[in-house]
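# Survey of secondary and tertiary structure
The chain contents come next:
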Amino acid sequence: MAIKKVGVLGCGLMGSGIAQVSAMAGYDVVVLEAEQKAIDKGFSGIEKSLGKLSEKPVEKGGITAQQKDAARARLKGTLNKQDLADCDIIIEAIIENVDIKKTMYADLDGIVKKDCIFATNTSSISVTELMAATKRPERFIGLHFFNPVPLMKLVEVVRTIATAPDVFETAVEFGKSVGKVPVRTSDKTGFIVNRLLVPYLLDAIRAYEEGIGSISDIDNAMKLGCGYPMGPFTLLDFVGLDTTYYITHVMFDEFKERRFASPALLKRMVLAGWYGRKSGNGFYNYADPNSPKENRF
Ligand code: 3HC
């Protein structure tokens, strides 16, 4: 099946990134949001990212000024679901709320073409549960991208027991076409990356609670000792503590294992509204975003 037009639901961090890489790959892209100001915010992030990429040499992953303009011209924001009617694939990247997602899919089911593929970028909600709310179970898949989407090379392609093999392969090829390396996986909570990453991040918090080292020392240890691009606390703040806390609930509910349970400190930070980089405070304080200061608990 040839994909020409991509619909993206949500213009937040993930939705705008997915829209951007799709437009850069030559697809026509329409992004649906509930409010114009969300589109404006997402598109200004895309503009910044395209700007950074166009300053980089092409051989180092950069783009030319013409490619930047062409990508921008292929992107359209809309508040009207009808504008997604002729999309070949729709990738949902809205809030991690099962009911809101199900309602969105149910609305779109009656609007889009019969053979349109539905994809979800969810990191933790069951793809099968979302699929079951649609009239196209065989055309439903997970496409899990990573933040920041324009830079991270991975996409997890997730099949359910109902996904048609040709739809799965189309999704794998789509992932490659937007410059990602697809890995094939099935609908088990957390897929591959979060299954391994989340216990590691939670263990870092527990180790800190036990006094093994300071936040910056634990970060430096993992960065410099293991070659990770970010230490666990920098990454937690980057992913969002609210997002991580939500994921722990879904994963603990599925596996009932302590390694997926939220440490007390993570819960307290989320209750206090300390969500990490996006809220200005987390394991680090971002009053000066260029020079974050570690917190002590
Ligand atoms: N678009 C385009 N360019 C960008 C960009 C963006 N969104 N963000 C950063 N850049 C550019 C910078 O301008 C910089 O360019 P330069 O080399 O020309 O100066 C270059 O990319 C490198 O950026 P930085 O110097 O700021 O920082 P790093 O070298 O540390 O790279 C990083 C940034 C790629 C984010 C790197 O730190 C990294 O790989 N971190 C780990 C991220 C990660 O693990 N993400 C996955 C999170 S888990 C997830 O998403 C799953 C969810 O379900 C929880």
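Residues numbered from 1 in each chain as written. Predicted model: local features only at pLDDT ≥ 70, side-chain atom pairs only at ≥ 80, totals over all residues. Heavy atoms only, no water.

## Considerations on the site of the ligand
Neighbouring the ligand are 17 residues; S49, S123, H144, N147 and N194 lie closest to it. Interatomic distance of 2.6 Å between a side-chain N/O atom of S49 and a nitrogen atom of the ligand. The contact in question runs from an oxygen atom of the ligand to an N or O atom on the side chain of H144, over 3.0 Å. Isolated, the ligand exposes 1,100 Å² of accessible area, and the fraction of that covered by the protein chains is 62%. By residue number, the principal contributor to the shell around the ligand is helix α2 (residues 36-55), which donates three residues. When grouped by side-chain class, the residues that make up the shell around the ligand number eleven nonpolar, five polar and one charged. A domain split of the shell around the ligand shows at least three residues from each of domain 1 (5-186) and domain 2 (195-294). (Near = heavy atom within 4 Å. Polar contact = N/O pair within 3.5 Å; in protein donor to acceptor, adjacent residues only side chain to side chain. Areas by Shrake-Rupley, 256 points an atom, 1.4 Å probe, with all protein chains shown as cover. Helix = DSSP H or I, 4+ residues; strand = E, 2+ residues; numbered from the N terminus. Nonpolar A, V, L, I, M, F, W, Y, C, P; charged D, E, K, R; others polar. Domains from an automatic or database assignment.)

## Overview of helix α11 (residues 264-271)
By the burial criterion, the buried members of α11 are L265, L266, M269 and V270. Each buried residue of α11 sits inside an arc of 135° when the element is viewed along its axis, so together they form one side. Contacts made by the buried residues of α11 are with α7 (193-209) and α10 (241-255). Directly after α11, the chain includes G273, whose backbone phi takes a positive value near 80°. (Buried < 20%, exposed > 50% of the residue type's maximum accessible area, 1.4 Å probe, protein only. Arc of directions from axis to C-beta. Contact = heavy atoms within 4.5 Å.)

## Brief notes about α2
Between its first and last C-alpha, α2 extends 29 Å over 20 residues, near the 28 Å set by a 1.5 Å rise per residue. Where α2 is concerned, the buried positions are I39, G42, I46, S49, L50, G51 and L53. For α2, the secondary structure elements touched by its buried residues are α1 (13-24), β2 (28-32), α3 (65-73) and β3 (75-78). (Expected span 1.5 Å × (residues − 1).)

## Brief notes about the domain arrangement of the chain
Its domain assignment divides the chain into domain 1 (5-186) and domain 2 (195-294). On a C-alpha basis, the centroid separation for the pair domain 1 and domain 2 is 27 Å. Surface buried jointly by domain 1 and domain 2 totals about 450 Å² across both partners, of which 61% is contributed by carbon and sulfur atoms. On the domain 1 side of the contact with domain 2, E96, S124 and N147 bury the most area, a combined 69% of that side's loss. (Buried area = accessible area lost by both parts, 1.4 Å probe.)

## Focus: the packing of α7 against α11
Axis angle and axis distance: for two packed helices, these are the angle between their axes and the distance between the axes, and together they describe the pair. At a closest axis distance of 8 Å, the pairing of α7 and α11 adopts a crossing angle of 100°. Classified by the angle between their axes, α7 and α11 sit roughly perpendicular to one another. Between α7 and α11, the contacting residues are L202, I205, Y208 and E209 on the first element and A264, L265 and L266 on the second. Here the contact of α7 with α11 is composed, by residue class, of six nonpolar, no polar and one charged. (Axes fitted to C-alpha atoms, helices over the stretch in contact; angles between N-to-C directions. Parallel < 35°, antiparallel > 145°, perpendicular 65-115°, else oblique.)

## A few points about the packing of α1 against α2
Viewed as axis vectors pointing N to C, α1 and α2 meet at an angle of 50°, and their least axial separation amounts to 9 Å. Classified by the angle between their axes, α1 and α2 sit oblique to one another. Crossing handedness for the pair α1 and α2: right-handed. Across from S16, Q20 and M24 in α1, the residues of α2 making contact are G42, I46, S49, L50 and L53. Along the lines of polarity and charge, the residues of the contact of α1 with α2 split into four nonpolar, four polar and no charged. (Left-handed = near helix turned anticlockwise from the far one by under 90°.)

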